[in-house]
Amino acid sequence: IFLSLAFSQLYTYIKLIIMRTIGVLLDYSARSEQVARYALQLAKSIHADLLLFNAFLVPSNIPMAAAQVAWPLHEYEEIKTDSEKSLQILCNRLKHGLKDRPVPGAFLPRVTCQCVEGPLVNALGVLEDNRDIVLLVAGTHGAGAMTTFLLGNNCRELIDKTTRPLLLVPENTKFGNPEHIFFATDLHRNDIQYINAVAGLAE
């Protein structure tokens, strides 16, 4: 698991105790549910709520497609509705799983969802305006050649653009309570603030 740590005020975000929320970035692939379930276990572990987030695309968001496709408004509404329904279905499935055989006294995260239009990196501002979000979680899956060509590398862009800590979960990763955090460094003095932030997360 790779942890990309934001530069500004990260330690403050990690140290928040009240109303912590983990934002989960989803694309409705088969891997998305695995990432969401991983984030749910993490949320239970650190007593945080969960926000499932999807940014859906229409051809007008893709320059090559926008130049060649006339995009009717009713089709846009259909894509938006389908995206919201898919997100709500996953949200309900996670909520239902929380209710199965709950451990008495165990913390149960509140699971909500949000859907917006546009490329994911452009929608990050919506999440970053939410001061309760202390961590973003996304999957590290490879895209097909055409998808990569059209949409770019989401993970790379997320690492570059986000101002929140970002946890990237590889495929087929099984959740286990974190026991060690490894920090890769070239011994630059600027890494001290990142180490402090990671120490806050470890605490």
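Residues numbered from 1 in each chain as written. Predicted model: local features only at pLDDT ≥ 70, side-chain atom pairs only at ≥ 80, totals over all residues. Heavy atoms only, no water.

Observations concerning the overall build of the protein
No. 1: Each helix and strand in the protein was counted, giving eight helices and six strands.
No. 2: The order of α-helices and β-strands along the protein, N terminus first, is β-α-β-α-β-α-α-β-α-β-α-α-β-α.
No. 3: For the protein, long-range pairs separated by at least 24 residues make up 81% of all intrachain contacts whose partners lie at least 6 apart in sequence.
No. 4: Only carbon and sulfur atoms are counted for the fraction: they give 55% of the accessible area of the protein, which is about 12,100 Å². (Helix = DSSP H or I, 4+ residues; strand = E, 2+ residues; numbered from the N terminus. Contact = heavy atoms within 4.5 Å. Areas by Shrake-Rupley, 256 points an atom, 1.4 Å probe, with all protein chains shown as cover.)

A word on unusual backbone geometry
No. 1: We note that His47 has phi near 60 degrees; this positive angle belongs to a residue other than glycine.
No. 2: Tracing the chain through its elements places His47 in the loop between α2 (30–46) and β3 (49–56).
No. 3: Note on His47: relative accessible area 45%, which makes it partly exposed.
No. 4: The phi torsion at Asn172 lies on the positive side, around 60 degrees, for a residue other than glycine.
No. 5: Along the chain, Asn172 turns up in the loop between β6 (166–170) and α8 (191–202).
No. 6: Taking relative accessible area as the criterion, Asn172 reaches 64% and is therefore assigned exposed. (Buried < 20%, exposed > 50% of the residue type's maximum accessible area, 1.4 Å probe, protein only.)

A closer look at the pairing of strand β5 (residues 133–140)
Two faces, one strand: in a regular strand the side chains alternate between the faces of the sheet.
No. 1: Along β5, seven of the eight residues are buried, which leaves the element largely enclosed by surrounding structure.
No. 2: In this sheet, β5 lies alongside strand β2 (residues 21–26) in parallel orientation, the contact comprising four bridges. Residue pairing across strands places Ile22 opposite Leu135, the latter belonging to β5.
No. 3: Two strands pair when backbone bridges link them, and β5 and β6 are joined in this way by five bridges, in the parallel orientation. Residue pairing across strands places Gly139 opposite Val169, the latter belonging to β6. (Pairing = 2+ DSSP bridges.)

Points about the packing of aromatic side chains
No. 1: Counted according to the given criterion, the structure contains one aromatic pair.
No. 2: Their ring planes at 75 degrees and their centres at 5.2 Å tell us that Tyr38 and Phe175 sit as a pair that is edge-to-face. Here the residue Tyr38 occupies a position in helix α2, and Phe175 occupies one in the loop between β6 and α8, the gap between them amounting to 137 residues.
No. 3: Residue classification places Phe175 among the partly exposed positions, given a relative accessible area of 26%. (Phe/Tyr/Trp six-rings, centres within 6.5 Å; stacked < 30°, edge-to-face > 60°.)

A short note on the nonpolar core
No. 1: In terms of nonpolar packing, the biggest core is built from 27 residues, with Ile22, Val24, Leu50, Leu52, Leu94, Val111 and Val137 touching the most fellow members.
No. 2: Not counting residues up to four positions away in its chain, the partners in contact with Val137 are Ile22, Gly23, Val24, Leu25, Val35, Ala39, Leu167 and Val169.
No. 3: One finds Val121, Ala138, Cys155 and Leu166 within the second-largest nonpolar core, a separate group that totals 17 residues. (Core = buried A, V, L, I, M, F, W, Y, C linked by side-chain atoms within 4.5 Å.)

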